Amino acid sequence: MLKLDVGTLALAAAIASLASALIIAAYGGPRHQDQRWGAFALSALLYGAGVLLIIFREMVPPGLAVIGGNLLVVLSATAAHAGATMLVGGRRPRFLYEATILAYLAGESYFFYVVNDINIRIAVVSLVRVPVFVHAALILFRHRRSECNAGLTLLTVILGLWALLLVPRSIGALMVEGPIREFVSLVGIQAFYFAAAGLGNVVIAVALIQIDLGRLAKVLGSAVTLKDEALETQIAHQVAIQASLRQSEADLLSILDNMTDIFYRTDEDGRVLMISHSVEPLLGYRVDQIIGNDAGDYHWDEDNRARLIQAMEERGGSVSDYEFQMRHRDGHSVWVSTSSRFYVDGAHQRRGIEGIVRVIDERKHTEQTIRESQSLIQAMLDASSDAIMLFKPDGLLLAVNGVMAERFGRNAGELTGLCLWDMFPADIARARQEAVARVVETGQAIHYLDRRGELYLDNSIYPVVGAEGRYDKVAVYSRDITAEKLAEIRIATYLEELERSNSELEQFAYVASHDLREPLRMISSYLALIERRYTGVLDKDGLEFLQYAREGATRMDHLVLDLLDFSRIQRRGEPIIAMLAPEALRQALRHLAPAIAEAGAEVLFPEEGEAPRIMGDPDQMTRLFQNLVGNAIKYRSADRPVRVNVSWSRQGAEWEFHISDNGIGIEPQYFERIFGIFQRLHTRDKYEGTGIGLAICRKIVERHSGRIWLESVPGQGTVFSFALPAA
């Protein structure tokens, strides 16, 4: 059996580890300056230092030598794991490192305070490193799928073998009889472990160098490949550029030959150097007729080109949409628009002019039409007596007529483009904005009366639909109705005075009629007394005169009674209520029964169907029917039987009534006169009455907010009609 000195093997392993740390740091530091090489160098350094600390335990306290040395050995495993993780670009698992260190410290605490067994301590120190090396080897093994590198394979094998060797070493330490305190000698697996451990860090250094060389070769190969590819790409790009330039040149020529606008270029003297074929359909010239000629020859005005150059100089060397007139080949002028610029050579010296010319005859015609339309619209607006304006919801004025402009004390041209809201006080402007916003939001027009001091304005705000189908403008029509309002006020005043006057006249008529009857009764009484006392004394003429006086007094009394009755229609009428008109008609016919029987008259009215329900004074409605039917019987024709027909019909909110007869009729010139008070068309000896009946009828109808009229044919008959509100 092979027996080796423990101290010699351990010292050799420690020196080899320290040498490996120096090699790794010296090679990797200057080349890479990163943590990967530093972690592997630290791992080798910690392992060598830990082993030396254990070997020279007699030079330091034994507890510090054993515990500290073993801790450095454990830390060397975590440093190697960190280096492997960073080597493949992974994240370092701090929990693994912390768990490894805590496991070691827990074990050492147990051995220090509970059981001081060196054999078991060696086994524990070996076992806590096994998961670290195994995990590092697995990380490197998985990374080999994406990077094929011999150094990575060697490093994976070394870390895996190290983990495998730690397991039998732990078992071997447990199988030694008695404590290993003096480290005199080790046999079998223990000796092999120390021999392998000394070489482990050396092999790691070799593997790292091999990894670096492999990666460097790969980078150099990739760089060469990329360089070749870049060169090939550049060559292909140059070829494509040349082809593109040739194609662009061909496309440009094709565009110039087919464009609808005219492209041109002149030299500094104004001679045409280049012009597109589109000049032929637009101006009538062939290209060969223009090349080499002075461009000014084709301008309508000989000063046009000079003005164009001046405009370009004033605007920094170019113009856009500059309008002027050119000469067509057949002699007429053509409106064109140009976008031109001065072009320069490499020394920035002006060499000529180039640009695009577009025929805009149609546009100019459209602009002229628009101007004429605007002028016509403005003339129509100004012709209105109303004040009119059109504006945006934000207040931007688009159109204003002269009437509206006059209210602001300015002319219409000055107002267009201004903000309407700036012309009102803040509170009024805010109210107007709210009204306009409501109109635009709802799409409903607003009509309101605006009073400004003594000025009355009838305003209407209408929404206007724009091109996109939404309300984006507002039209305002404002009419000055001050004169109308003042007239209404005057009329109201006149009506009030008229009502007061009518009331006074009615009062006067009533009082006068009432008071006049007393002397009339006295006259009639004394005349009757004279007749009884002096009948035998008076001759025939005296008795006839006395009879005339009595008849006059009686007629005067009837007139006063009728006047009193007329005045009472408005003052003494009953309340107007909902009633059935046929009931009033039947009551009137009962009052007229003797006259109807005497004349042998036939009075007809509907007995079936809807009975008209009206708003009326029952007594006055009876009086109305009685007067009209009575007149039809009174003014009957002698050569035919009397026939009176009463009818009615519903017309909206009114009922219309018609009383037709077959009597003597009325001449048209008397239609209005007969409704006057005390107006008669016949003498008293032919037809009795005072001539106030129809005046009373009109008064009754007017009191009921109705209307009365007639139609008549002389010799054939008359139709009296009246309309009253339906109940």
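These lines cover the structure that appears in this document, whether it is placed above or below. (Residues numbered from 1 in each chain as written. Predicted model: local features only at pLDDT ≥ 70, side-chain atom pairs only at ≥ 80, totals over all residues. Heavy atoms only, no water.)

**Let's talk about the sheet that holds strand 19 (residues 717-725)**
Spatially, the five strands line up as an open sheet ordered 14-16-17-19-18, and their pairing is mixed. Only two strands of the sheet have a single neighbouring strand rather than two, namely strand 14 (602-604) and strand 18 (707-713). Looking at each pair of strands side by side, their axes are set apart by 15° on average, direction ignored. Here strand 14 runs beside strand 16 (residues 643-651); their pairing, made up of three bridges, is parallel. Residue pairing across strands places Leu604 opposite Asn645, the latter belonging to strand 16. (Pairing = 2+ DSSP bridges. Helix = DSSP H or I, 4+ residues; strand = E, 2+ residues; numbered from the N terminus. Axes fitted to C-alpha atoms, helices over the stretch in contact; angles between N-to-C directions.)

**Looking at the sheet that holds strand 4 (residues 272-275)**
As summarised here, the arrangement of the five strands in space is 4-3-7-6-5, forming an open sheet in which the pairing is antiparallel. Whereas interior strands pair on both sides, the edge strands pair on one side only; in this sheet they are strand 4 and strand 5 (318-327). Across this sheet, the average inter-strand angle for adjacent strands is 30°, counted without regard to direction. Pairing geometry for strand 3 (residues 262-267) and strand 7 (residues 350-359), over six bridges, is antiparallel. Counterpart to Asp267 in the pairing with strand 7 is Gly352. Contacting strand 3, strand 5, strand 6 (333-344) and strand 7, helix 9 (residues 304-314) crosses the sheet at an angle of about 175° to strand 5. (Contact = heavy atoms within 4.5 Å.)

**Topic: empty space enclosed by the protein**
For the structure shown, the criterion picks out three cavities of 30 Å³ or more. Of the pockets and cavities examined, the largest cavity occupies roughly 250 Å³. Taken together, 18 residues line the largest cavity, and the ones lying closest to its centre are Tyr264, Ala295, His299, Met326 and Val357. Residue composition of the lining of the largest cavity, by class: 14 nonpolar, three polar and one charged. Approximately 190 Å³ is the volume attributed to the second largest cavity. When its residues are assigned to classes, the lining of the second largest cavity shows twelve nonpolar, two polar and four charged. (1 Å grid on protein atoms, 1.4 Å probe; cavity = no way out; pocket = protein on both sides within 12 Å on 5 of 7 lines; lining within 4 Å. Points joined across faces, edges and corners; volume = space filled by probe spheres on them. Nonpolar A, V, L, I, M, F, W, Y, C, P; charged D, E, K, R; others polar.)

**Observations regarding helix 16 (residues 581-591)**
Of all the residues in helix 16, the buried ones are Ala581, Pro582, Ala584, Leu585, Ala588 and Leu589. Across the axial projection of helix 16, the buried residues extend over an arc of 155°, all falling on one side. (Buried < 20%, exposed > 50% of the residue type's maximum accessible area, 1.4 Å probe, protein only. Arc of directions from axis to C-beta.)

**A closer look at the packing of helix 18 (residues 618-634) against helix 19 (residues 693-703)**
The contact between helix 18 and helix 19 brings their axes to 10 Å, and the two run at 145°. By crossing handedness, the relation of helix 18 to helix 19 is classed as left-handed. On helix 19, the residues touching Gln620, Met621, Arg623, Leu624, Asn627, Leu628 and Asn631 of helix 18 are Gly693, Leu694, Ile696, Cys697, Ile700, Val701 and Arg703. Looking at the contact of helix 18 with helix 19 residue by residue, the classes come out as eight nonpolar, four polar and two charged. (Left-handed = near helix turned anticlockwise from the far one by under 90°.)

**Things to note about the nonpolar core**
Generally speaking, a soluble globular protein has its nonpolar side chains buried in company with each other. Among the nonpolar cores identified, the biggest contains 43 residues, and Val629 and Phe722 are the most heavily contacted of them. For this core, the secondary structure elements donating two or more residues are helix 16, helix 17 (593-599), helix 18, strand 16, strand 17 (654-661), helix 19, strand 18 and strand 19. (Core = buried A, V, L, I, M, F, W, Y, C linked by side-chain atoms within 4.5 Å.)

**Some remarks on the packing of aromatic side chains**
To describe a pair of aromatic rings, one takes the distance between the centres and the angle between the planes. Taken as a whole and assessed by the stated rule, the structure comprises eleven aromatic pairs. Considering the side-chain rings of Phe625 and Phe657, the 5.9 Å spacing of their centres and the 80° angle between planes classify their relative orientation as edge-to-face. Here Phe625 is found in helix 18, whereas its partner Phe657 is found in strand 17, with 32 residues between them in sequence. Pairing Phe657 with Phe722 gives two aromatic rings, centres 5.0 Å apart and planes at 15°, and the pair type is stacked. Taken as a pair, Phe657 in strand 17 and Phe722 in strand 19 lie far apart in primary sequence, 65 residues in all. Per residue, the accessibility class of Phe657 equals that of Phe722, and both read buried. (Phe/Tyr/Trp six-rings, centres within 6.5 Å; stacked < 30°, edge-to-face > 60°.)

**Here we look at helix 9**
Along helix 9, the residues that are buried comprise Asn304, Arg305, Leu308, Ile309, Ala311 and Met312. Projected down its long axis, helix 9 shows its buried positions confined to an angular sector of 160°, all on one face. For helix 9, exposure combined with an orientation more than 90 degrees from the buried face picks out Ala306 and Glu314. Buried residues in helix 9 make contact with strand 3, strand 5, strand 6 and strand 7. Taken from the residues just after helix 9, Gly316 is the one with a positive phi, measuring 85°.

**A word on the environment of Val74**
Tracing the backbone through its elements, the reader meets Val74 in helix 3 (residues 62-87). Owing to a relative accessible area of 0%, Val74 belongs among the buried residues under this scheme. In the structure, Val74 is positioned 54 residues away from Val128 in sequence and 7.6 Å away in space, judged by C-alpha atoms. When sequence neighbours within four positions are dropped, the list of residues in contact with Val74 reads Thr100, Tyr104, Val125, Val128 and Arg129.

**What to know about a nonpolar patch on the surface**
Together, Ile530, Tyr534, Val537, Leu538 and Leu543 give the surface a local cluster of nonpolar side chains, amounting to about 410 Å² of exposed area. Summarising the element assignment, Leu543 is placed in helix 15 (residues 540-571). (Patch = residues over 30% accessible without salt bridge, like charges linked within 9 Å, V, L, I, M, F, W, Y side chains within 5 Å. Areas by Shrake-Rupley, 256 points an atom, 1.4 Å probe, with all protein chains shown as cover. Salt bridge = Lys/Arg side-chain N within 4 Å of Asp/Glu carboxyl O.)

**Focus: the pattern of salt bridges**
Under the counting rule described, the total for this entry stands at 21 salt bridges. As a salt-bridge pair, Glu583 and Arg586 come within 3.5 Å of each other at their nearest N and O atoms. Separated by three residues within a single helix, Glu583 and Arg586 lie in helix 16, roughly one turn from each other. Taking relative accessible area as the criterion, Glu583 reaches 46% and is therefore assigned partly exposed. Across the salt bridge formed by Arg707 and Glu654, the nearest N and O atoms sit 3.0 Å from each other.

**So, the environment of Val603**
With respect to the element layout, Val603 can be found in strand 14. When the C-alpha atoms of Val603 and Val644 are compared, they prove to be 4.7 Å apart, with 41 residues separating the residues in sequence.

**What about the packing of helix 16 against helix 18?**
Relative orientation of the contacting elements helix 16 and helix 18 amounts to 55°, with a least axis distance of 8 Å. Of the possible angle classes, the one that applies to helix 16 and helix 18 is oblique. Crossing angle aside, the handedness with which helix 16 passes helix 18 is right-handed. For the pair helix 16 and helix 18, the contacting residues are Ala581, Ala584, Leu585, Gln587, Ala588, Leu589 and His591 in the first and Pro618, Met621, Thr622, Phe625, Gln626 and Val629 in the second. For the contact of helix 16 with helix 18, a count of residues per class yields nine nonpolar, four polar and no charged. (Parallel < 35°, antiparallel > 145°, perpendicular 65-115°, else oblique.)

**Examining the environment of Gly413**
With respect to the secondary-structure elements, Gly413 resides in helix 12 (residues 412-415). Residue classification places Gly413 among the exposed residues on the basis of a relative accessible area of 61%. The sequence separation of Gly413 and Gly402 amounts to eleven residues, and the corresponding C-alpha distance is 9.3 Å.

**Looking at unusual backbone geometry**
Even without being glycine, Asp321 reaches a positive phi, approximately 55°. Inspection of the secondary structure puts Asp321 in strand 5. Backbone geometry places Ser705, a non-glycine residue, at a positive phi of 60°.

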